[in-house]
Amino acid sequence: LIDVCFSPRNAERSWSAARHRSQKLSKLSIGVLGCSVTAGCGALSPSPQCSIPLSWGRQAHDVLAEGLRARRIAVETTIYQKNAVEASYFFDCTHHLLPRRPDVVVLEVLQNMYAMNLSTAFDRTVAAIRRVQPRAAILFAVWLKPHMLVPRVMMEVRAFAEANRVDLAEMPAAMKSLALS
């Protein structure tokens, strides 16, 4: 799993705060904002139906809840998704879509690029989250379209993550390493 994730050193403060708060409250609060993949679209392939119970967000919640149960930390995950939108959809309504005080915000918004480029989508999404949840650790769940899955693009995405002090998980490979795909 470590091979498919990227965590710049400058992101550690947010994760340390999330760990401390979750241990203190015995609860980890996670907010997920995403597009069609977050809704489980594709999970019932070849059917066009989406399935939240089979979505990566639900599966990630279940794995985290099981893993943290021994530490007596409950996991609370709020998932908000909207099909066929790009990152800008989440810029203005962010505070209404997230839990009141999430420890972690997971974003799955980079695969739909209609009117903005990857850099703008990345930077403005992070700014929108930090405006309303400045202490939350941020993780981008990266599900890039096949034509974008090239080393140059992944290097750019890692540079954006470093500049914005956020983490990345290359989701198809992460799901495979956790035997969830």
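Our subject is the structure listed above.
Definitions and cut-offs
Residues numbered from 1 in each chain as written. Predicted model: local features only at pLDDT ≥ 70, side-chain atom pairs only at ≥ 80, totals over all residues. Heavy atoms only, no water. Helix = DSSP H or I, 4+ residues; strand = E, 2+ residues; numbered from the N terminus. Salt bridge = Lys/Arg side-chain N within 4 Å of Asp/Glu carboxyl O. Core = buried A, V, L, I, M, F, W, Y, C linked by side-chain atoms within 4.5 Å. Buried < 20%, exposed > 50% of the residue type's maximum accessible area, 1.4 Å probe, protein only. Contact = heavy atoms within 4.5 Å. Disulfide = S-S within 2.5 Å.

Asker: Please clarify how unusual backbone geometry should be interpreted in this entry.
Answerer: Peptide bonds are mostly trans, and most non-glycine residues show a negative phi. The omega torsion across Ser45 and Pro46 is 15 degrees, close enough to zero to call that bond cis. In this structure, Pro46 sits in the loop between strand E2 (27-34) and helix H2 (56-69).

Asker: Looking at this structure, I do not really get the pattern of salt bridges. What am I missing?
Answerer: Pairing is possible between side chains that carry opposite charge, provided their charged atoms lie close to one another. One pass over the full model with this rule turns up 6 salt bridges. The shortest N-O distance in the salt bridge between Arg58 and Asp62 comes to 3.0 Å. Taken as a pair, Arg58 and Asp62 lie in helix H2 at a separation of 4 residues, close to a single helical turn. In this structure, Arg152 and Glu156 form a salt bridge, with 2.6 Å as the shortest nitrogen-oxygen distance. Linking Arg152 with Glu156, this pair stays in helix H5 (residues 151-164), spanning 4 residues, or about one helical turn.

Asker: What's the story with the nonpolar core in this structure? I'm lost.
Answerer: Within the largest apolar cluster, 33 residues are counted, with the highest numbers of intra-cluster contacts made by Leu110, Phe122 and Phe140. Elements with a contribution of two residues or more to this core: strand E4 (104-108), helix H4 (118-132), strand E5 (137-142) and H5. For this core, the element with the highest residue contribution is H4, accounting for 6 residues. Leaving out residues up to four positions away in the same chain, Leu110 has contacts with Leu118, Ala121, Phe122, Phe140, Val142 and Leu144.

Asker: Explanation requested: the state of the cysteines in the structure shown.
Answerer: When the sulfur atoms of two cysteines share a covalent bond, that bond is a disulfide. Under the definition given, this model contains 1 disulfide. Cys41 shares a disulfide with Cys50; S-S distance 1.8 Å. The sign of the S-S torsion, about 85 degrees, decides the handedness of the disulfide formed by Cys41 and Cys50: right-handed. The class of Cys41 is partly exposed, set by a relative accessible area of 22%. You can call Cys50 partly exposed: its relative accessible area is 33%. For the unlinked cysteine Cys93, the closest cysteine sulfur is that of Cys35, found at 12 Å.

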